[in-house]
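Architecture at a glance
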Amino acid sequence: QVQLVESGGGLVQAGGSLRLSCAASGSIFSINAMGWYRQAPGKQRELVARITKGGSTIYGDSVKGRFTISRDDAKNTVYLQMNSLQLEDTAVYYCNAFSGSTYWGRGTQVTVSS
């Protein structure tokens, strides 16, 4: 089993930056990929970024060039560096891990204000 805990969300002004963290625990050896998804009220969940065990990354079109996903294996933590935040980035951001089964964190709220 894998447990995921997100942190780093909060309120930020448009144009600002924020870094989210996701700490994984449990059977972390089995994780093949981790990612960040987000969901705003009235919208479907969407992929923000994903990183595989081998280090390959994929970004959603709406965040490409602004967000960067990275991983610190020593800390069993994946990060999402968010720059040039826009109002449309407001959402609950969920950490995801795939190990044959899919695991989710509880989410962290990111609110971008003008």
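Summarised in this report is the structure supplied together with it. Keep in mind that this is a model prediction, so the values were computed, not measured. (Residues numbered from 1 in each chain as written. Predicted model: local features only at pLDDT ≥ 70, side-chain atom pairs only at ≥ 80, totals over all residues. Heavy atoms only, no water.)

Observations regarding the nonpolar core
Soluble globular proteins: nonpolar side chains tend toward being buried together. Threshold: Buried Ala, Val, Leu, Ile, Met, Phe, Trp, Tyr and Cys residues form a nonpolar core when they are joined through side-chain atoms within 4.5 Å. Burial here depends on accessible area, computed with a 1.4 Å probe over protein chains only, as a share of the maximum for the residue type. Under 20% is buried, over 50% is exposed, and the range in between is partly exposed. Segments assigned H or I by DSSP are reported as helices when at least four residues long, segments assigned E as strands when at least two residues long, and all are numbered from the N terminus. Two residues form a contact once any of their heavy atoms are found within 4.5 Å.
Counting residues in hydrophobic clusters, the biggest one holds 29 residues, and the most contacted among them are Leu4, Met34, Trp36, Leu80, Met82 and Tyr93. Of all elements in the fold, only strand E1 (2-7), strand E3 (18-26), strand E4 (33-39), strand E5 (46-52), strand E7 (67-72), strand E8 (77-82), strand E9 (91-98) and strand E11 (108-113) reach the threshold of two or more residues within this core. Sequence-distant contacts of Met34, defined by excluding residues within four places in its chain, comprise Leu4, Cys22, Ala24, Arg50, Ile51, Ile69, Val78, Cys95, Asn96 and Ala97.

Let's talk about the packing of aromatic side chains
Here is the rule: By convention, a stacked pair of Phe, Tyr or Trp rings (six-membered ring in the case of Trp) has centres within 6.5 Å and planes under 30 degrees apart, an edge-to-face pair has planes over 60 apart, and any other such pair is tilted. Two limits define a charge over a ring: the Lys NZ or Arg CZ must be within 6 Å of the ring centre, and within 35 degrees of the ring normal.
Counting across every chain of the model gives 1 aromatic pair. Each ring, one from Tyr37 and one from Trp104, has its centre 5.1 Å from the other, and the planes form 70°; the classification is edge-to-face. Separated by 67 residues along the polypeptide, Tyr37 in strand E4 and Trp104 in strand E10 (residues 102-104) bring together distant segments of the chain. On the basis of relative accessibility, which here comes to 13%, the residue Tyr37 falls in the buried class. Directly above the ring of Tyr37 sits Arg45, whose terminal nitrogen or CZ lies 5.6 Å from the centroid.

Description of the side chain of Arg38
Here is the rule we go by: Between N or O atoms, a polar contact is any pair within 3.5 Å; within protein, one atom must be a potential hydrogen donor and the other a potential acceptor, and residues adjacent in sequence are included only when both atoms are from side chains.
When you line up the elements, Arg38 lands in strand E4. At 2.6 Å, the side chain of Arg38 forms a polar contact with the side chain of Glu46. Polar side-chain contacts of Arg38 include one of 3.2 Å to the side chain of Ser62. When near neighbours in sequence (up to four residues on either side) are disregarded, Arg38 contacts Gln44, Arg45, Glu46, Val48, Ser62, Val63, Phe67, Glu88, Asp89, Ala91, Val92 and Tyr93.

Digging into unusual backbone geometry
Of note, Asn76 is a non-glycine position whose phi angle comes to about 50°, a positive value. Tracing the sequence through the fold places Asn76 in the loop between E7 and E8. Given a relative accessible area of 31%, Asn76 falls into the partly exposed group. Backbone geometry at Ser84 places phi at a positive 50°, although glycine is not the residue there. Here Ser84 lies in the loop between E8 and E9.

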